[in-house]
Amino acid sequence: MGVNIQFSQSYCWLNSWILANVIQLAVQDFCERFVDYRIDPGRRLQDQMLMAARCGVANIAEGSARHSTSIETEMRLLDVARASFDELQGDIFNFLLRRKAEIWAIGNPSREAIWKMTLDTPEYSNSYLHDAALHILAQKGKFDPWLDSDNPEIAANALLILCLRENKMLQSQIQSRLDSFKLTGGFAENMTVERLEARKEQAAGAGAPACPLCGKPMLKRMQKKGTHQGREFWGCSDYPRCNGTRPL
């Protein structure tokens, strides 16, 4: 426990961020090849798809970078990323509906292959951005047989499955952060622990009296309410587990 300020770009090691980048690259290519003026004369659909993919990547990065200082903010941004991929999934779904195209069902060989494809574990050197770029491209290469297809229905279905996978990853990541918060607390709680520990050390070094109940060093406190509001007193440094007090 305690405050631990982590490396702010640790998201480079997250599979959710890596797959999100794969999706963003695939969406950029898909829009360039298949979302043309005939189905999107105002370029609104293309802009929305590109921005949804970009926002997904950006919010995973921003949320994970806030992990050390605000788990609540991290979870909110991860949920925004999940919503972005939901929006992108909806646009791709509509693209297939407009073409009256088949949407792969569970059991379809291509769907199952994309769903079960494993991502490699990142192995980065000190040049982690350089290595991350190579890693993302290598992972995208696993899905390229479908993403690079000249058949827009195959490419769209592949993107649909990747969005579903990304959504499931983010859901698990949010749940993991919640479980971690329950065990260790967040930044504010741990800052309070650090402050109390520092005050205990100061009290011990300053020769503060020992608690009459548990023997631990005491801290100067102030009565916050009641007839003696504002009056200082000695309180046990192990409060609230110990309620020992002494008059100042």
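That block above? That's the structure.
Novice: Would you explain the sheet that holds strand β3 (residues 245-247) in this entry?
Specialist: The strands making up a sheet associate through backbone hydrogen bonding, with each pair oriented either parallel or antiparallel. On the basis of which strands lie adjacent, the open sheet formed by three strands has the order β1-β2-β3 and antiparallel pairing. Either end of the sheet is taken by a strand with one partner, and the two such strands are β1 (218-222) and β3. With direction set aside, neighbouring strand axes in the sheet form an average angle of 35°. Of the strand pairs in this sheet, β1 and strand β2 (residues 232-236) are connected by five bridges, and their pairing is antiparallel. Bridge pairing links Lys 220 to Trp 234 in β2.

Novice: Explain the pattern of salt bridges here, please?
Specialist: Oppositely charged side chains can pair when the atoms bearing their charge come close. Counted by the stated rule, this structure contains eleven salt bridges. Among the salt bridges present, the one from Asp 120 reaches Lys 142, with a minimum N-O distance of 2.9 Å. Taken together, the residues Asp 120 in the loop between α4 (109-116) and α5 (128-147) and Lys 142 in helix α5 connect sequence positions 22 residues apart. On the accessibility criterion, Asp 120 (37% relative accessible area) is partly exposed. A single network of salt bridges, built from pairs that share partners, joins Asp 29, Arg 33 and Asp 150.

Novice: So what exactly am I meant to see when it comes to the pairing of β2 here?
Specialist: Taken together, the three bridges between β2 and β3 define a ladder with antiparallel strand orientation. Bridging from a neighbouring strand, Trp 234 pairs with Arg 246 of β3.

Novice: So what exactly am I meant to see when it comes to α5 here?
Specialist: Because an α-helix packs 3.6 residues into every turn, residues spaced three or four apart end up facing the same way. Of all the bends in α5, the greatest reaches close to 45° and is centred on Gly 141; the proline Pro 145 follows between one and four positions later. Turning to α5, its buried residues number three or more, namely Tyr 128, Asp 131, Ala 132, His 135, Ile 136, Gln 139, Lys 140, Phe 143, Asp 144, Trp 146 and Leu 147.

Novice: Explain helix α2 (residues 44-65) to me, please; I cannot follow it from the model alone.
Specialist: Taking 1.5 Å of rise per residue, the 22 residues of α2 would be expected to cover 32 Å, and the 31 Å separating its terminal C-alpha atoms lies within 8% of that figure. Within the sequence span of α2, burial applies to Leu 45, Gln 46, Met 49, Ala 52, Ala 53, Gly 56, Val 57, Asn 59, Ile 60, Ala 61, Gly 63 and Ser 64.

Novice: Would you mind showing me how to read the side chain of Arg 177 here?
Specialist: Assignment of secondary structure puts Arg 177 in helix α6 (residues 152-184). Residues contacting Arg 177, with those up to four places away along its chain left out, are Leu 14, His 67, Ile 71, Glu 74, Met 75 and Leu 78.

Novice: Explain the nonpolar core to me, please; I cannot follow it from the model alone.
Specialist: Note that soluble globular proteins tend to have their nonpolar side chains buried in a common cluster. One finds Trp 17, Phe 30, Met 49, Ile 60 and Leu 88 to be the most contacted residues of the largest nonpolar core, which totals 52 residues. Secondary structure elements with two or more residues in this core: α1 (15-34), α2, α3 (71-98), α5 and α6. Broken down by element, this core gets its largest block of residues, eleven residues, from α1. Ile 60 has contacts with Tyr 11, Leu 14, Ser 16, Trp 17, Ala 20, Leu 78, Ala 81, Phe 85, Glu 166 and Leu 170, leaving out every residue within four places of it along the chain. Grouped together as the second largest cluster of nonpolar side chains are six residues, Ala 208, Cys 211, Met 218 and Trp 234 included.

What counts, and where the lines are drawn
Residues numbered from 1 in each chain as written. Predicted model: local features only at pLDDT ≥ 70, side-chain atom pairs only at ≥ 80, totals over all residues. Heavy atoms only, no water. Pairing = 2+ DSSP bridges. Helix = DSSP H or I, 4+ residues; strand = E, 2+ residues; numbered from the N terminus. Axes fitted to C-alpha atoms, helices over the stretch in contact; angles between N-to-C directions. Salt bridge = Lys/Arg side-chain N within 4 Å of Asp/Glu carboxyl O. Buried < 20%, exposed > 50% of the residue type's maximum accessible area, 1.4 Å probe, protein only. Bend = angle between axes of the 7 residues up to and from the residue. Expected span 1.5 Å × (residues − 1). Contact = heavy atoms within 4.5 Å. Core = buried A, V, L, I, M, F, W, Y, C linked by side-chain atoms within 4.5 Å.

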